[in-house]
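# Structure assessment
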Amino acid sequence: MANWPIRVLGCWAGDQFGRTEVIDNCLNPDFLHKFVLDYCFEERKNLRFDLYDVDSKTPDLSKHDFLGQAFCTLGEIVGSAVPPLPQCPHDVATLQFCANKLDKKDFFGKSDPFMVFYRSNEDGTFTICHKTEVVRNTLNPVWAAFAIPVRALCNGDHDRAIKVEVYDWDRDGSHDFIGEFTTSYRELAQGQSHLNVYEVVNPRKKMKKKKYLNSGTVTLLSFTVEAEHTFLDYIRGGAEPRARAGNPSQPTSLHYLSPFQLNAYSLALRAVGDIIQDYDSDKMFPALGFGAKVPPDGHVSHEFPLNGDASNPACHGIAGVLEAYQRSLRRVQLYGPTNFAPVVNHVARSAATVLDGSQYFVLLIITDGVISDMAQTKEAIVNAAKLPMSIIIVGVGQAEFDAMVELDGDDIRISSRGKVAERDIVQFVPFRDYMSGGPGAGLSMAGLAREVLAEIPDQLLSYMKARGIKPPPIPPMFPETPPP
């Protein structure tokens, strides 16, 4: 008899973080157990899946038959063509309420009403999810419209009870309870209608007074809902961050190819590339160098293919880019000036052909900080800001990087010829801040990857939202079987 559980391990620590259920007597199991993992685009998370045939009820895996294991990264799962995760709502609802004939609670005035909204939990308790402002001295308040994530209201269950309590505000904090009512997201979503006029009931008054009807009414004035799309929605919907590697050239030891260790350019490329390649379906990365005399005639080029093939500069995987870089160093003569604009424009031309959100281009520039065409590069970045692309600049060496900080535009948005960039698409990080050179270098490289990639999700979202591009609908994890 075949019983199939999967043991899921995190290879970065070797700790088991969950097991699926056991499915009896089956060679093609579909596991239903869900695992919740923290997802961070700029970090690489390695996963290991162990498969066992269960022979008894003991939790000791050594007592069961080990069938095999599989390895992948969380990024590969998220970036896969067929999304393995159930769709999660990110809708934001905007609501406005008013009340009529609320109970008078203040001795020298009327009431100062406000409302408190509660989401019901699985265990029957309630959690506060929103509180309105106080409207002073009135029994017929109109509260300001407010926006709230749908998940905060009902946790994805549109029929889940939502409790609303109405209070009269008191300065000392001992607010007077006026009454309450219950509703649901499904009811609220019907908008303004007679169905969304609620009696505010005080249970104690109702028990004491036989003729008691209510303590006023609350009316839904308006209800709208908009999708608040996240970076993960676009990635799961098929948007691929496609990496482009630009390699600046300066005849220094920074490019030295040691037989014992990778140079700074190679380390930076690997740190960033190992993360982002999980989101590129074909793993083909056009890699360009600039600032060198190239064969056969020795002319100076600022966008030459590292693999030597001008018709197809793509390399397979980050390992392929590293190999092409190392071969190129032996083939070309490093030569100034150092111009960034040609490679920025090169990637921009590719990005301009795919404006529908299905691809997002990431240009990685590794530089020693020297730049000879600052004005042209600024203009290229301003023009590229309206395209689906981002630029990562990693500075290597001990030089000052004032020009790179200016291109970053975190403090002052970059501009050219009086035109300000539509979006901030540049992230600059100095490599030296993350390299200790000692045993901790590996951990520093993880920090480098986190820093340079941290802005990519927001930059992708800013492009999608500016263009009104929504992620495509995601098919259900378990499609319904059509009736026979």
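Residues numbered from 1 in each chain as written. Predicted model: local features only at pLDDT ≥ 70, side-chain atom pairs only at ≥ 80, totals over all residues. Heavy atoms only, no water.

A few words on the sheet that holds strand 19 (residues 333-334). Pairing in this open sheet of three strands is antiparallel, and the strands run 16-15-19 from one edge to the other. Looking at strand neighbours, the two that pair on one side only are strand 16 (299-301) and strand 19, the edges of this open sheet. The sheet contact formed by strand 15 (residues 292-294) and strand 19 spans two bridges and is antiparallel. Within strand 19, the position partnered with A292 by the bridge is L334. (Pairing = 2+ DSSP bridges. Helix = DSSP H or I, 4+ residues; strand = E, 2+ residues; numbered from the N terminus.)

Before going further, it helps to spend a moment on the nonpolar core. Counting residues in each nonpolar core, the largest one holds 41 residues, and the members touching the most others are I392, L448 and V452. For this core, the elements supplying multiple residues, two or more each, are helix 6 (264-276), strand 14 (284-290), strand 15, helix 7 (317-331), strand 20 (359-367), strand 21 (389-395), helix 11 (441-453) and helix 12 (456-466). Top contributing element to this core by residue count: helix 6, with eight residues. Each residue touching I392, except ones within four places of it in the same chain, is listed here: V272, V362, L363, L364, I365, Q427, V452, L453 and I456. Formed by 32 residues, the second largest nonpolar core is a distinct cluster that contains A351, A384, L407 and I425. (Core = buried A, V, L, I, M, F, W, Y, C linked by side-chain atoms within 4.5 Å. Buried < 20%, exposed > 50% of the residue type's maximum accessible area, 1.4 Å probe, protein only. Contact = heavy atoms within 4.5 Å.)

Moving on to the pairing of strand 12 (residues 217-227). Looking at chain direction, strand 5 (residues 91-100) and strand 12 are connected through ten bridges and run antiparallel. If you follow N100 over to strand 12, its bridge partner there is T217. Two elements, strand 11 (residues 197-199) and strand 12, share three bridges in a ladder whose sense is antiparallel. What sits directly across from E199, in strand 12, is T217.

So, on to the state of the cysteines. Considering all chains together, one arrives at zero disulfides under this definition. A disulfide-free cysteine, C129 has its sulfur positioned 9.4 Å from the sulfur of C154, the nearest such atom. (Disulfide = S-S within 2.5 Å.)

Using the criterion set out here, one finds eleven salt bridges in the structure. A salt bridge links K205 to D103; its shortest N-O distance comes to 2.8 Å. Of this pair, K205 sits in helix 4 (residues 203-208) while D103 sits in the loop between strand 5 and strand 6 (113-120), and the two are 102 residues apart along the sequence. Measuring nitrogen to oxygen at the nearest pair gives 3.5 Å for the salt bridge that ties R349 to E303. Linking R349 in helix 8 (residues 341-351) with E303 in the loop between strand 16 and strand 17 (304-305), this pair joins segments that are 46 residues apart in sequence. Residue classification places E303 among the partly exposed positions, given a relative accessible area of 31%. (Salt bridge = Lys/Arg side-chain N within 4 Å of Asp/Glu carboxyl O.)

Next up on the list: the side chain of D373. Following the sequence through the fold, D373 ends up in the loop between strand 20 and helix 9 (374-384). For the buried D373, which has no salt bridge, the nearest side chain bearing the opposite charge is K378, at an N-O separation of 12 Å. One polar contact links the side chain of D373 to the main-chain amide nitrogen of F340, over a distance of 2.9 Å. (Lys, Arg positive; Asp, Glu negative; His and termini not counted. Polar contact = N/O pair within 3.5 Å; in protein donor to acceptor, adjacent residues only side chain to side chain.)

Turning our eyes to something else, we now look at the pairing of strand 5. Direction of pairing for strand 5 relative to strand 8 (residues 146-149): antiparallel, over a ladder of four bridges. Bridge pairing links T94 to A147 in strand 8.

The angle between the axes and the distance between the axes are what describe a pair of packed helices. Packing of helix 8 against helix 9 leaves a shortest axis separation of 8 Å and a crossing angle of 15°. Relative to helix 9, helix 8 is oriented roughly parallel. For the pair helix 8 and helix 9, the crossing hand works out as left-handed. In this structure, helix 8 uses A341, V344, N345 and A348 to contact helix 9, whose residues at the interface are Q376, T377, A380, I381 and A384. (Axes fitted to C-alpha atoms, helices over the stretch in contact; angles between N-to-C directions. Parallel < 35°, antiparallel > 145°, perpendicular 65-115°, else oblique. Left-handed = near helix turned anticlockwise from the far one by under 90°.)

In this structure, D112 sits in the loop between strand 5 and strand 6. A distance of 2.6 Å separates a polar atom in the side chain of D112 from the backbone nitrogen of N137. Ignoring anything within four residues of it in the chain, the contact list for D112 reads D106, V134, V135, R136, N137, Y167, D168 and W169.

Okay, the packing of helix 6 against helix 7 next. One way to put it is that helix 6 packs onto helix 7 with a least axis distance of 10 Å and a crossing angle of 160°. Looking at the two axes, helix 6 sits roughly antiparallel to helix 7. Read as a crossing pair, helix 6 and helix 7 show a hand that is right-handed. Together, Y265, S266, L269, R270, G273 and D274 of helix 6 and I318, V321, L322, Y325 and Q326 of helix 7 make up the contact between the two elements. Looking at side-chain class alone, the contact of helix 6 with helix 7 contains six nonpolar, three polar and two charged residues. (Nonpolar A, V, L, I, M, F, W, Y, C, P; charged D, E, K, R; others polar.)

When pLDDT is low, close inspection of the predicted coordinates is not appropriate. Summary statistics for the protein chain give a mean pLDDT of 81 and a share of 82% for residues scoring 70 or more. A low-confidence stretch, residues 81-89 (pLDDT under 50), is modelled with 14 contacts involving residues beyond four sequence positions or located in other chains. Across residues 243-252, where pLDDT falls below 50, the model places 48 contacts with residues more than four positions away in sequence or in other chains. (pLDDT = per-residue confidence, 0-100.)

Strands sit in the order 7-6-9-10 across an open sheet of four strands; the sheet is antiparallel. Pairing within the sheet leaves two strands with one partner each, and these edge strands are strand 7 (126-131) and strand 10 (176-184). On average, each strand axis in the sheet is inclined to that of its neighbour by 30°, with strand direction left out of account. Note that strand 9 (residues 161-168) and strand 10 share eight bridges and pair antiparallel. By the bridge assignment for strand 10, D168 is matched with D176.

Per the counting criterion, the structure on display carries eleven aromatic pairs. Through successive ring pairs, a cluster of aromatic residues spans F97, F117 and F146. Above the face of the Y118 ring, K163 is positioned so that its terminal group lies 5.3 Å from the ring centre. In this arrangement the basic side chain of K163 is found over the ring face of F126, its NZ or CZ atom lying 4.5 Å from the centre. (Phe/Tyr/Trp six-rings, centres within 6.5 Å; stacked < 30°, edge-to-face > 60°. Lys NZ or Arg CZ within 6 Å of the ring centre and 35° of its normal.)

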